[in-house]
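# Results of the structural survey
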Amino acid sequence: LCAGVDPAGAARLAERIVSEISSPYSLSGGVTAWSGASVGVTVTDDPADDVDRLLAQADRALYAAKGSGGNRYAVHPVHPVHPGLRDVSAAAGAP
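Everything numeric in this text was worked out from a predicted model, so none of it was measured. Within each chain, residues carry numbers counting from 1 in the order of the written sequence. Local features are withheld for residues below a pLDDT of 70 in this predicted model, meaning they are given only at 70 or higher, and side-chain atom pairs are given and counted only at 80 or more; totals for whole chains, interfaces and linings count all residues. Here the side-chain values reflect all heavy atoms present in the structure, with hydrogen atoms and water set aside.

## So, the overall build of the protein
Secondary structure follows DSSP: runs of H or I at least 4 residues long count as helices, runs of E at least 2 residues long count as strands, and numbering of each begins at the N terminus. Scanning the protein for helices and strands turns up 3 helices and 5 strands. Taken from N to C terminus, the helices and strands of the protein fall in the order α-β-β-β-α-β-β-α. Each residue's exposure class comes from its accessible area (1.4 Å probe, protein chains only) as a fraction of the maximum for that residue type: buried when under 20%, exposed when over 50%, partly exposed otherwise. Buried positions account for 29% of the 95 residues belonging to the protein. Of the contacts formed within the protein by residues at least 6 apart in sequence, a portion of 36% connects residues at least 24 apart. For the accessible areas, the method is Shrake-Rupley and the probe is 1.4 Å, while residue cover comes only from the protein chains on display. Total accessible area computed for the protein in this model is approximately 5900 Å², and 57% of it derives from carbon and sulfur atoms. Residues count as neighbours in contact if any of their non-hydrogen atoms are within 4.5 Å of one another.

What follows is the structure, given as structure tokens:
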């Protein structure tokens, strides 16, 4: 949960998380490993919003990201985004 983050900022943060986790890293013995991440995002500007509802929305977005191939993020309402691409609709506030 991040306070004071607008939809565009939340999308940028999710994109950064996916990118950083997806970067290859070195293990001992000269082995290179990769990971992946799927991230679900929801945003509210109502401090009294129901936390359970927000978590359910983020969870739906997470499963949409996974269902679209993983290693990406999705913003609720669900917009799966490939790594490295900007989610213009979410950033613009479109449903």
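## Considering a nonpolar patch on the surface
The patches described consist of residues with a relative accessible area above 30% and no salt bridge, like charges being joined within 9 Å and nonpolar side chains (Val, Leu, Ile, Met, Phe, Trp, Tyr) within 5 Å. Any carboxyl oxygen of Asp or Glu that lies within 4 Å of a side-chain nitrogen of Lys or Arg is treated as forming a salt bridge with it. Taken together, the side chains of Leu-13, Ile-17 and Ile-21 present a nonpolar region at the surface, about 210 Å² in accessible area. Judged by its relative accessible area of 34%, Leu-13 is partly exposed.

## Considering the side chain of Arg-72
Relative to the elements of secondary structure, Arg-72 occurs in the loop between helix H2 (51–67) and strand E4 (73–75). Since its relative accessible area comes to 8%, Arg-72 is described here as buried.

## Let's talk about the pattern of salt bridges
On inspection of all chains with the given rule, the structure shows 1 salt bridge. With its nearest N and O atoms 2.5 Å apart, the salt bridge here joins Arg-53 to Asp-49. The exposure class of Arg-53 is partly exposed, given its relative accessible area of 37%.

## Some details on the side chain of Ser-22
One can find Ser-22 in helix H1 (residues 7–22). A polar contact of 2.6 Å, which involves the side chain of Ser-22, links it to the backbone oxygen of Val-18. Ignoring sequence-local partners within four residues, the contact set of Ser-22 consists of Trp-34, Ser-35, Gly-36, Ala-37 and Asn-71. Each polar contact in these results corresponds to two N or O atoms within 3.5 Å; when the atoms are within protein, one needs to be able to donate a hydrogen and the other to accept it, and residues that are neighboring in sequence are counted only if both atoms are side-chain atoms.

## What to know about the nonpolar core
Working definition of a nonpolar core: buried Ala, Val, Leu, Ile, Met, Phe, Trp, Tyr and Cys residues. They are joined through side-chain atoms within 4.5 Å. Grouped together as the largest cluster of nonpolar side chains are 8 residues: Ala-10, Ala-11, Ala-14, Val-18, Val-39, Val-41, Tyr-73 and Val-75. At the level of elements, H1, strand E3 (39–41) and E4 are the ones that each hand at least two residues to this core. Residue contributions to this core peak at 4 residues, all from H1. Setting aside chain neighbours within four positions, we find Val-41 in contact with Ala-10, Ala-14, Ala-58, Ala-61, Ala-74, Val-75 and His-76.

## A few points about the environment of Val-43
By the secondary structure assignment, Val-43 is in the loop between E3 and H2. A sequence separation of 35 residues divides Val-43 from Ala-8, and the C-alpha atoms of the two residues are 9.7 Å apart. Apart from residues lying up to four places away in sequence, Val-43 is in contact with Val-5, Asp-6, Pro-7 and Ala-10.

## What to know about H1
Look at H1: 22 Å from first C-alpha to last across 16 residues, which is about the 22 Å you get at 1.5 Å a residue. Of all the positions in H1, only Ala-8, Gly-9, Ala-10, Ala-11, Ala-14, Val-18 and Ser-22 are classed as buried. Expected span, for any helix, means 1.5 Å times one less than how many residues it has.

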